[in-house]
Amino acid sequence: RQCDIREVTDPKLVRKFLDENHIQGFSPSSVKVGLFHNEELVSLMTFTKPKKRGSKYEWELTRFCTKSGYNIPGAASKLLKYFERTYKPNNLVTYANLDYSSGKLYDNLNFTKENLSCNSYVYTKGKSVVPKRSAERKNLVKLLGDKFNPDLSEKENMVNNGYYKINLAGTITFVKNYS
């Protein structure tokens, strides 16, 4: 109740806030709605148009976080309501990465579970993390250079070059329809 809502237009502030307070860090977005207390950004929710061509979703909620060390009851609801009133979406999609979240926040915001995906993985080597998409066979020449062996599988190439495969827990797709 003691906070003000406004759109955040400073890209450096958005990037810094997400990198410092969201476990997955910064993600590009077209709409950034912030909760401010005494002119200090304390919570942020971001939205964008879905990246996939022909997506059945109009908007995607890409990030929500609160400043580390803060607990602001109702922040997510307040930010989402601002977005809904201002942008009047027909529908909204978001994803809960099960490596970090159960998705309970989206249940509380009246989203509906639509899909569970459990087939993703990454490769790691030291502090380096290579997403599944970057390790696809078509991208291995670029990734591994002359160490790529066309006679071997993706996994064999990655393991032979010191990478370890880590299977991820999966993702839940949540949708909210307004019409």
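Only a predicted model underlies this, so the values are computations on that prediction, with no experimental measurement involved.

The rules behind these values
Residues numbered from 1 in each chain as written. Predicted model: local features only at pLDDT ≥ 70, side-chain atom pairs only at ≥ 80, totals over all residues. Heavy atoms only, no water. Pairing = 2+ DSSP bridges. Helix = DSSP H or I, 4+ residues; strand = E, 2+ residues; numbered from the N terminus. Axes fitted to C-alpha atoms, helices over the stretch in contact; angles between N-to-C directions. Buried < 20%, exposed > 50% of the residue type's maximum accessible area, 1.4 Å probe, protein only. Polar contact = N/O pair within 3.5 Å; in protein donor to acceptor, adjacent residues only side chain to side chain. Contact = heavy atoms within 4.5 Å. Phe/Tyr/Trp six-rings, centres within 6.5 Å; stacked < 30°, edge-to-face > 60°.

**Regarding the sheet that holds strand β7 (residues 121-125)**
Backbone hydrogen bonds hold the strands of a sheet together, and the pairing may be parallel or antiparallel. The three strands lie next to each other as β8-β7-β9, forming an open sheet whose pairing is antiparallel. The open sheet terminates on both sides in strands that have one partner only, identified here as β8 (128-131) and β9 (164-167). Taking each pair of neighbouring strands and ignoring which way they run, the sheet shows an average axis angle of 30°. Relative to β8, β7 runs antiparallel, the two being bridged by four bridges. The residue bridging T124 from the neighbouring strand is V129, located in β8.

**Section: the pairing of strand β3 (residues 40-48)**
Burial runs high along β3: eight of the nine residues are buried. Examined bridge by bridge, strand β2 (residues 31-37) and β3 share seven bridges and lie antiparallel to one another. Across the sheet, residue V31 finds its bridge partner in β3, namely F47. Once β2 ends, the chain turns through two residues before running back antiparallel as β3, passing N38 with a positive phi of about 50°.

**What about the sheet that holds strand β4 (residues 59-66)?**
In spatial order, the strands read β1-β2-β3-β4-β5-β10-β6; together these seven strands make up an open sheet with mixed pairing. The two strands at the open ends of the sheet, each matched to only one other strand, are β1 (4-7) and β6 (112-117). Direction aside, the axes of adjacent strands within the sheet are offset by 25° on average.

**Focus: the side chain of N91**
Relative to the helices and strands, N91 is located in strand β5 (residues 91-97). Given the relative accessible area of 12%, N91 is considered buried. Polar contacts involving the side chain of N91 include one to the main-chain carbonyl oxygen of K56, which spans 3.2 Å. Reaching out from N91, the side chain makes a polar contact with the backbone nitrogen of E58 at a distance of 2.6 Å. Aside from chain neighbours lying at most four places away, what touches N91 is K56, Y57, E58, W59, K176, N177 and Y178.

**Some thoughts on the packing of aromatic side chains**
The tally for this structure, following the rule as stated, stands at seven aromatic pairs. On the basis of an interplanar angle of 20° and a centroid distance of 5.1 Å, the ring pair of F83 and Y87 is categorised as stacked. In this pair, F83 and Y87 both sit in helix α2 (residues 75-87), four residues apart, roughly one turn of the helix. Residue class for F83 comes out buried when judged on its relative accessible area of 0%. With a relative accessible area of 27%, Y87 lands in the partly exposed category. Taken together, the aromatic side chains of F47, W59, F83 and Y87 make up a single cluster linked through ring pairs.

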